[in-house]
Amino acid sequence: MDSDDDFMSGHSSGDEDFGLEVESDDGSLGDDFDEDEPDVGFSQKDLKPAKKAYEVDYKIYSPSEIQAHQDKQIGEVSAVLGQPAEATAILLRHLRWNKERLIDLYMDRPEHVLEEAGLGPNTTTNPQTRVIKGFACDICCEDSPGLESYALRCGHRYCVDCYRQYLAQKIKDEGEAARIQCPTAGCNRIVDSKTLDLLVASDLKNRYQVLLTRTYVDDKEHLKWCPAPNCEYAVDCVIKRKELDKIVPTVCCACKHRFCFGCTLNDHQPAACSLVKMWVKKCEDDSETANWINANTKECPKCSSTIEKNGGCNHMTCRKCKYEFCWICMGLWSEHGTSWYNCNRFEEKSGSDGRDAQARSRQSLERYLHYYNRYANHEQSAKLDKDLYQKTQKKMMNLQTASGMSWIEVQFLDTASHALQLCRQTLKWTYAFAYYLQRNNFTEIFEQNQKDLEMAVENLSEMFEKPTTELADLRVDILDKTSYCNKRRVILLDDTAQNLKDGEWKFNVDISSKA
Amino acid sequence: MSQKRIAKEFGDLQKTPLDGIKIILPNEADMLQWQITMEGPKGSAYEGGNFVLSLSLPKEYPFKPPTLSFKTKIYHPNVTNDDKGSMCLGLLRPDEWKPSSKIDTVLEFARGLLVDPQPDDAVEQGIAREYRENRKEFLKTAKAWVKQYAKK
Ligand SMILES: [Zn+2]
Ligand SMILES: [Zn+2]
Ligand SMILES: [Zn+2]
Ligand SMILES: [Zn+2]
Ligand SMILES: [Zn+2]
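Residues numbered from 1 in each chain as written. Chains lettered and ligands numbered in written order. Predicted model: local features only at pLDDT ≥ 70, side-chain atom pairs only at ≥ 80, totals over all residues. Heavy atoms only, no water.

Under the annotation held in an unreviewed UniProt entry, chain B carries the name E2 ubiquitin-conjugating enzyme and is attributed to Ramalina farinacea.

The name given to chain A in an unreviewed UniProt entry is RBR-type E3 ubiquitin transferase, with Ramalina farinacea as the source organism. UniProt, in the comment section headed Catalytic activity (unreviewed entry), describes chain A in these words: "[E2 ubiquitin-conjugating enzyme]-S-ubiquitinyl-L-cysteine + [acceptor protein]-L-lysine = [E2 ubiquitin-conjugating enzyme]-L-cysteine + [acceptor protein]-N(6)-ubiquitinyl-L-lysine." (UniProt positions renumbered as here; feature names shortened; annotations may be inferred.)

*Asks:* I'm lost on the overall build of chain B in this one. Help?
*Replies:* Of regular secondary structure, chain B possesses four helices and four strands. Sequence-ordered secondary structure for chain B, helices as α and strands as β, is α-β-β-β-β-α-α-α. Within chain B, the proportion of its 152 residues that are buried is 48%. Expressed as a percentage of contacts within chain B between residues at least 6 apart in sequence, the contacts between residues at least 24 apart total 53%. Entry remark: accessible area of chain B is about 7,800 Å², with carbon and sulfur atoms responsible for 49%. (Helix = DSSP H or I, 4+ residues; strand = E, 2+ residues; numbered from the N terminus. Buried < 20%, exposed > 50% of the residue type's maximum accessible area, 1.4 Å probe, protein only. Contact = heavy atoms within 4.5 Å. Areas by Shrake-Rupley, 256 points an atom, 1.4 Å probe, with all protein chains shown as cover.)

*Asks:* Would you explain the environment of Y436(A) in this entry?
*Replies:* Residue and element names in this part refer to chain A. Counting through the fold element by element, Y436 comes out in helix α11 (residues 411-436). Distance in space between the C-alpha atoms of Y436 and W279 is 8.8 Å, their sequence separation being 157 residues. Filtering out sequence-adjacent residues up to four positions away, Y436 remains in contact with L275, M278, W279, K282, K506, F507, N508 and V509. Of note is the side chain of Y436, whose polar atom sits 3.3 Å from the backbone nitrogen of W279. (Polar contact = N/O pair within 3.5 Å; in protein donor to acceptor, adjacent residues only side chain to side chain.)

*Asks:* Got a minute to help me understand empty space enclosed by the protein in this structure?
*Replies:* Residues and elements named next belong to chain A. One pass over the full model with this rule turns up three cavities of 30 Å³ or more. Its volume calculated, the largest cavity comes out at about 100 Å³. Forming the boundary of the largest cavity are 12 residues, of which H336, C343, N344, E454 and M455 lie nearest the centre. Here the lining of the largest cavity is built from residues that sort into six nonpolar, three polar and three charged. Taken as a whole, the second largest cavity holds about 60 Å³ of empty space. Every residue along the wall of the second largest cavity is listed here: Y54, V248, Q269, P270, L493, T496, A497 and L500. Among the residues making up the lining of the second largest cavity, the classes are represented as six nonpolar, two polar and no charged. (1 Å grid on protein atoms, 1.4 Å probe; cavity = no way out; pocket = protein on both sides within 12 Å on 5 of 7 lines; lining within 4 Å. Points joined across faces, edges and corners; volume = space filled by probe spheres on them. Nonpolar A, V, L, I, M, F, W, Y, C, P; charged D, E, K, R; others polar.)

*Asks:* What exactly am I supposed to notice about the nonpolar core here?
*Replies:* In summary, soluble globular proteins display a tendency toward joint burial of nonpolar side chains. If you look at the biggest cluster of nonpolar residues, it comprises 42 residues, and the most contacted ones within it are W34(B), Y46(B) and L68(B). Mapped by element, the contributors of at least two residues to this core are α1 (3-15), β1 (21-24), β2 (33-39), β3 (50-56), β4 (67-70), α2 (103-115), α3 (125-133) and α4 (135-149) of chain B. Ranked by residue count, the leading element in this core is α2(B), at seven residues. In this view, Y46(B) contacts G40(B), F51(B), I74(B), Y75(B), H76(B), L114(B), F138(B), A142(B) and V146(B); residues no more than four positions away in its chain are not counted. Core analysis: the next-biggest nonpolar cluster, separate from the first, contains 31 residues, Y158(A), V160(A), Y166(A) and Y208(A) among them. (Core = buried A, V, L, I, M, F, W, Y, C linked by side-chain atoms within 4.5 Å.)

*Asks:* Would you explain α2(B) in this entry?
*Replies:* For an α-helix the count is 3.6 residues per turn, leaving residues at separations of three or four pointing the same way. Residue and element names in this part refer to chain B. Counted at 1.5 Å a residue, the expected span for α2 with its 13 residues is 18 Å, and the 19 Å between its end C-alpha atoms agrees. Within the sequence span of α2, burial applies to I103, V106, L107, F109, A110, R111, L113 and L114. Where the residues of α2 are buried, they touch α1, β1, β2, β3 and β4. (Expected span 1.5 Å × (residues − 1).)

*Asks:* What exactly am I supposed to notice about the coordination of the zinc ion (ligand 3) here?
*Replies:* Angles at a metal have ideal values that depend on geometry: 109.5 degrees with four tetrahedral donors, 90 or 180 degrees with six octahedral donors. All names here are of chain A. The protein atoms that coordinate the zinc ion (ligand 3) are C226 (SG), C231 (SG), C253 (SG) and C255 (SG), at distances of 2.2 to 2.3 Å. Considering all four donor atoms around the zinc ion (ligand 3), angles at the metal cover 106 to 113° and the coordination shape is tetrahedral. Each donor residue of the zinc ion (ligand 3) lies on the same chain, and together they follow the pattern C-x4-C-x21-C-x1-C. Judged by relative accessible area, which is 4%, C226 ranks as buried. For C231, a relative accessible area of 12% puts it in the buried group. (Donors = N, O, S within 2.8 Å, 3.2 Å for Na, K, Ca; no water. Tetrahedral: all angles 85-135°; square planar, octahedral: opposite > 155°, others 65-115°.)

*Asks:* How do you make sense of the interface of chain A and chain B when you look at a structure like this?
*Replies:* For an interface, size is often stated in terms of accessible area lost upon the parts coming together. Contacts between the two partners involve 19 residues from chain A and, on the opposite side, 13 residues from chain B. Taking both sides of the interface into account, the surface hidden between chain A and chain B amounts to around 1,400 Å²; carbon and sulfur atoms contribute 54%. By the criterion of area lost to chain B, the three top residues of chain A are I139(A), C141(A) and Q169(A), representing 33% of everything that side buries. For the interface between chain A and chain B, the tally reads four salt bridges. Here chain A and chain B share 12 residue pairs in polar contact (both at pLDDT 80 or more) between them. A per-element tally of the side of chain A that touches chain B places helix α5 (residues 160-173) of chain A first, with six residues. Here the side of chain A that touches chain B is composed, by residue class, of 10 nonpolar, four polar and five charged. (Buried area = accessible area lost by both parts, 1.4 Å probe. Salt bridge = Lys/Arg side-chain N within 4 Å of Asp/Glu carboxyl O.)

*Asks:* Hey, could you run me through the packing of helix α1 (residues 63-81) of chain A against helix α7 (residues 202-219) of chain A in this one?
*Replies:* The geometry of a pair of packed helices is captured by two quantities: the angle between their axes and the separation between those axes. Residues and elements named next belong to chain A. Two elements in contact, α1 and α7, have axes separated by 10 Å at closest approach and are oriented at 75°. Considered as vectors, α1 and α7 are oriented roughly perpendicular to each other. Across from P63, I66, Q67, H69, Q70 and Q73 in α1, the residues of α7 making contact are Q209, L212, T213, Y216 and V217. Residue composition of the contact of α1 with α7, grouped by class: five nonpolar, six polar and no charged. (Axes fitted to C-alpha atoms, helices over the stretch in contact; angles between N-to-C directions. Parallel < 35°, antiparallel > 145°, perpendicular 65-115°, else oblique.)

*Asks:* Sorry, what's going on with a nonpolar patch on the surface here?
*Replies:* Residues and elements named next belong to chain A. A contiguous nonpolar surface patch, about 360 Å² in accessible area, is contributed by M397, W407 and I408. Positionally, W407 belongs in the loop between α10 (357-403) and α11. Take W407: its relative accessible area is 39%, and that puts it in the partly exposed class. (Patch = residues over 30% accessible without salt bridge, like charges linked within 9 Å, V, L, I, M, F, W, Y side chains within 5 Å.)

*Asks:* Before we go on, may I ask you to explain the packing of aromatic side chains in this structure?
*Replies:* Each aromatic ring pair is characterised by the separation of its centres together with the angle its planes make. Within the structure shown, the criterion is met by 29 aromatic pairs over all chains. Between Y61(B) and W97(B), the ring centres sit 6.0 Å apart and the planes meet at 40°, which makes this aromatic pair tilted. Highlighted residues: Y61(B) in the loop between β3 and β4 and W97(B) in the loop between β4 and α2, separated in sequence by 36 residues. When its relative accessible area of 2% is taken as the criterion, W97(B) is described as buried. Note on Y131(B) and F138(B): the rings are 4.9 Å apart at their centroids and 85° apart in plane angle, and the pair reads as edge-to-face. You can call Y131(B) buried: its relative accessible area is 10%. The exposure class of F138(B) is buried, given its relative accessible area of 1%. Put simply, the rings of W279(A), Y368(A), Y371(A), Y372(A), Y375(A), W429(A), Y431(A), Y435(A) and Y436(A) pair up and form one aromatic cluster. For the cation-ring pair, R135(B) lies above Y131(B), with the distance from its terminal atom to the ring centre recorded as 3.7 Å. (Phe/Tyr/Trp six-rings, centres within 6.5 Å; stacked < 30°, edge-to-face > 60°. Lys NZ or Arg CZ within 6 Å of the ring centre and 35° of its normal.)

*Asks:* Help me understand a negative patch on the surface, please; the structure alone is not making it clear to me.
*Replies:* Residue and element names in this part refer to chain B. A contiguous patch of negative charge on the surface is contributed by D19, E39, D104 and E108. Mapped onto the elements, D104 comes out in helix α2. The exposure class assigned to D104 is partly exposed, which follows from its relative accessible area of 31%. (Lys, Arg positive; Asp, Glu negative; His and termini not counted. Charge placed at Lys NZ, Arg CZ, Asp CG, Glu CD.)

*Asks:* How do you make sense of the sheet that holds β4(B) when you look at a structure like this?
*Replies:* Hydrogen bonds between backbone groups are what pair the strands of a sheet, and the pairing can be parallel or antiparallel. Residues and elements named next belong to chain B. The sheet built from four strands is open, its strands ordered β1-β2-β3-β4 with antiparallel pairing. Each edge of the sheet is formed by a strand with only one pairing partner; in this case those strands are β1 and β4. Within the sheet, the average angular offset between the axes of one strand and its neighbour, ignoring direction, is 25°. Pairing of β3 with β4 involves four bridges; the strand directions are antiparallel. Paired with S56 across the two strands is T67, which belongs to β4. Set on the sheet, α2 makes contact with β1, β2, β3 and β4; between it and β2 the angle comes to about 35°. (Pairing = 2+ DSSP bridges.)

Written out as structure tokens, the structure reads:
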């Protein structure tokens, strides 16, 4: 019923669904939620007033807020249809919470809608367990006198034990909630939550509620669960699937997990979802070729002694000959700061080289390895930085005792570590992005931004690895470098996202969402 | 708790057997394992054959569906062409099974499949394709298998 390329289920003008006001500057998303309900963890006020090109509006909801929102919609629609809340809930779920469509259909052919939703004609009055003379349960064939039995409004009656076991199995084993039908073969009457309340134990009731809420979020095209393990929050973001070649909608959950609303993978700005998918697939297919890159040891380009990388920083100094080089390109480090040196850009070889097929295929492999090398390196560096971060806590403790700094004063290491993670995550994906990018007037600026961020990150990373004794003196420097890194990242992302929006990037693959 | 139901179903099927279907318990003490002998329906590709099937009921029966498999080799798009001869479609699928569904319905369903295979729900795609596109060839093989494996 809904178009596939559309994240929202309802888009008529009368739709009051929360989160529709994408452009609102005050950040007040969603008028369906009570105004007095506190924002959870994330406050729109924390954002800079002017939205950057790479930012999207979104809101985070806790399970109880989602519950409240369901209840509110059920209440509203129940009043319009003149159906009890239980039946309205089933109707709404049946039509995937598209209120307008439900009301339209119901006004047109009420019996038909009820039948379709599993609420066929009523043959008994208010559901309750009863003892009926001469009753034999068709499931267990028990017929002892005094046997308690239950039937939904369809009138199909079974003993309470069988009913309970049936519901327990559906909820516990099959994770079913919104669409549990009457146990009778061929009867599609839906078990409503009043019946559930009447028949099942409280632990199952809770599970049932959780499952119902789950289907609510799954049914709503602009709601998604945070993919972090054990996180219970859902994110509301109105991004249509067909917009995903124009924007990379990164959101940050109340649990601090940063993920892409488009594909729910970890934050992959500035690369669009479809590029990420292609890139990950390519890396899997070519993992053999690229395996050597993941090694943590390399040889010094000058004296050939083995050098181990144990931090995120790519500025290496050989212990033996003191040669300073770049871990990624193995080039002389001193040249990296200069304007003419390019570690990040792949230099296409010109001339007769590219003529024959063999040379072309070698060139294409080299090109891939160039980008993959840098991509993988930042991934690995981020891991190493993270290991360092685990040690940061300890470092901070040591620093406090050594320098007499307060807890607040040593927070700069924590901040620096976070910035490193974030910037490396971005850098990593700039290389997947660049791999698919065709050269044009805009690529030069992109590569410059990439290089600037890269240098800023390596500088900070280098400081971050200094022995604790030196850290206290570096505090101001580290703070400066941290904010510089963050600034460079914002510049890069903003510029890239703006060009993506404006359709200025040319890719050597099709990045539209169909691909 | 399912004992009573299973005993009743078994008893009913002995009292009024289904057309062309014989049921025995290979082990009298085990009500969960039934052996079915099914005649190939008249007019179907399987006419003239006698097919042995095994029906096993799960501990959770009737809340979970029984499993049905052909012990006699059969050339059919809905039966796996291996030593298991298993099938999983229609009401045999856990999400379509209802506790009020009965074994007689399951057996009728299986017999119906011999008359009208369901290539859209196939486990053997090759056989399904042949059934759709080259019925003649399908019938030839199916009948040859009946002769070879399911002779009375
Ligand atoms: Zn019913
Ligand atoms: Zn019963
Ligand atoms: Zn989360
Ligand atoms: Zn994505
Ligand atoms: Zn380099």
